[in-house]
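# Close look at the chain arrangement
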Amino acid sequence: MGLRLLCVHAHPDDEAIWTGGTLARYADEGATTAVVTCTGAENPRRVAELERSLEILGAGKPRLLGYPGSGFGVPGFLEAPFDEAVGRVVEHIREFRPDVVLTYDGYGAYGHPEHIRTHRVTMAAVEAAGYDQLYQDAGVAWRTRALYMVTVPRSLVLAQWQTVFGAPPEPGQTMPGVPDEEITTHLDVGPWVERKLAAMRAHESEIERGASLNMLLSLPDDLRALALGNEWYRRLSHTGPKESALTA
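Below or above, wherever it landed, is the structure these notes cover. (Residues numbered from 1 in each chain as written. Predicted model: local features only at pLDDT ≥ 70, side-chain atom pairs only at ≥ 80, totals over all residues. Heavy atoms only, no water.)

What follows is about the packing of helix α3 (residues 82–96) against helix α5 (residues 113–128). Look at α3 against α5: their axes get within 8 Å of each other, and the N-to-C directions meet at 60 degrees. By the angle between their directions, the pair α3 and α5 is classed as oblique. Crossing hand, α3 versus α5: right-handed. From α3, Phe82, Ala85, Val86, Val89, Val90, Ile93 and Arg94 reach across to α5, where they touch Arg117, Arg120, Val121, Ala124, Ala125, Val126 and Ala128. Grouping the amino acids of the contact of α3 with α5 by side-chain chemistry returns 11 nonpolar, no polar and 3 charged. (Axes fitted to C-alpha atoms, helices over the stretch in contact; angles between N-to-C directions. Helix = DSSP H or I, 4+ residues; strand = E, 2+ residues; numbered from the N terminus. Parallel < 35°, antiparallel > 145°, perpendicular 65-115°, else oblique. Left-handed = near helix turned anticlockwise from the far one by under 90°. Contact = heavy atoms within 4.5 Å. Nonpolar A, V, L, I, M, F, W, Y, C, P; charged D, E, K, R; others polar.)

Right, here's the structure in full:
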């Protein structure tokens, strides 16, 4: 059986922005890949866009946690009971049985509250999924070999901040990313960047509303190649054989 890789993301489009190159690369190399998306199930258009993006990336059908995004007048993912959300992710982990799980770093890659919540829920779910005493109605226990957190090297953020935002960081600005020495895995996904871009462009409703997706798509060519042609991870836990599960 080949590698099985599961991403857990907060929103439709995150799978393409943050892990699109990894998903396309590993699918081409024979891995079975899938994506759990925590929000967006209430929006049929976004679900259809997610389905198209996953098709482009070779990552199967949408796996929706079922929560609406927060801030739309109804209780959303941020308001959901923590144990309930963990149990839903546990169910997907036990059903898919991944060797590797990918999610955001502890800062949610750039501080989005639903990204941070996704990180916390996924961390708990990866651990809980391995215990047959927990979430007994969510399937047979499964222990994932490795957990990787999407992040960026702090040096890249500092070097490119003014180019992207038109001004240097403010004093005391909270910066995304982690110190470079904490990056454990760097994947060159340049050969898959056109697939990644196609998956990003599949999210037409996000582009129409002027979301951050537009900023990434409109970067200068050299910076876009740097930002989107590389994906970085911090390996946080490892529960199986000692060799790294993702290789550069």
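From this point on, the discussion continues.
Within the secondary structure, His9 sits in strand β1 (residues 4–9). The class for His9 is buried, based on a relative accessible area of 0%. With residues near it in sequence (within four places) discarded, His9 still touches Asp14, Glu15, Trp18, Thr19, Val35, Val36, Thr37, Cys38, Tyr104 and Thr118. (Buried < 20%, exposed > 50% of the residue type's maximum accessible area, 1.4 Å probe, protein only.)

One non-glycine residue, Asp13, adopts positive backbone phi at about 105 degrees. Relative to the assigned elements, Asp13 resides in the loop between β1 and α1 (14–28). A relative accessible area of 6% means that Asp13 is categorised as buried.

One pass over the structure, following the stated rule, counts 4 aromatic pairs. Look at Tyr148 and Tyr233: their rings are 6.3 Å apart centre to centre, the planes differ by 90 degrees, and that puts the pair in the edge-to-face class. Taken together, the residues Tyr148 in strand β5 (residues 146–151) and Tyr233 in strand β7 (residues 230–238) connect sequence positions 85 residues apart. The class of Tyr233 is buried, set by a relative accessible area of 0%. Both rings, one in Trp161 and one in Phe165, keep their centres 4.5 Å apart while their planes meet at 45 degrees; by these two values the pair is tilted. Of this pair, Trp161 and Phe165 are both found in helix α6 (residues 154–165), 4 residues apart, which corresponds to roughly one turn of the helix. You can call Trp161 buried: its relative accessible area is 13%. (Phe/Tyr/Trp six-rings, centres within 6.5 Å; stacked < 30°, edge-to-face > 60°.)

Glancing now at the environment of Val126. The residue Val126 is located in helix α5 in this model. Among the residues examined, Val126 registers a relative accessible area of 9% and is labelled buried. Sequence separation of Val126 and Pro81 is 45 residues, and the distance between their C-alpha atoms is 17 Å. Setting aside chain neighbours within four positions, we find Val126 in contact with Ile93, Val101, Thr144 and Leu147.

What follows concerns the pattern of salt bridges. With the rule as written, the count across this model stands at 13 salt bridges. In this structure, Glu206 engages Arg46 in a salt bridge whose closest nitrogen and oxygen atoms are separated by 3.6 Å. Of the two residues, Glu206 is situated in helix α8 (residues 204–208) and Arg46 in helix α2 (residues 44–57); the sequence distance between them amounts to 160 residues. Of the two residues examined, Glu206 and Arg46, each falls in the buried class. Across the salt bridge formed by Glu84 and Arg88, the nearest N and O atoms sit 3.5 Å from each other. Within this pair, Glu84 and its partner Arg88 are both found in helix α3, separated by 4 residues, close to a single helical turn. (Salt bridge = Lys/Arg side-chain N within 4 Å of Asp/Glu carboxyl O.)

Nothing here speaks to function; it is geometry throughout.
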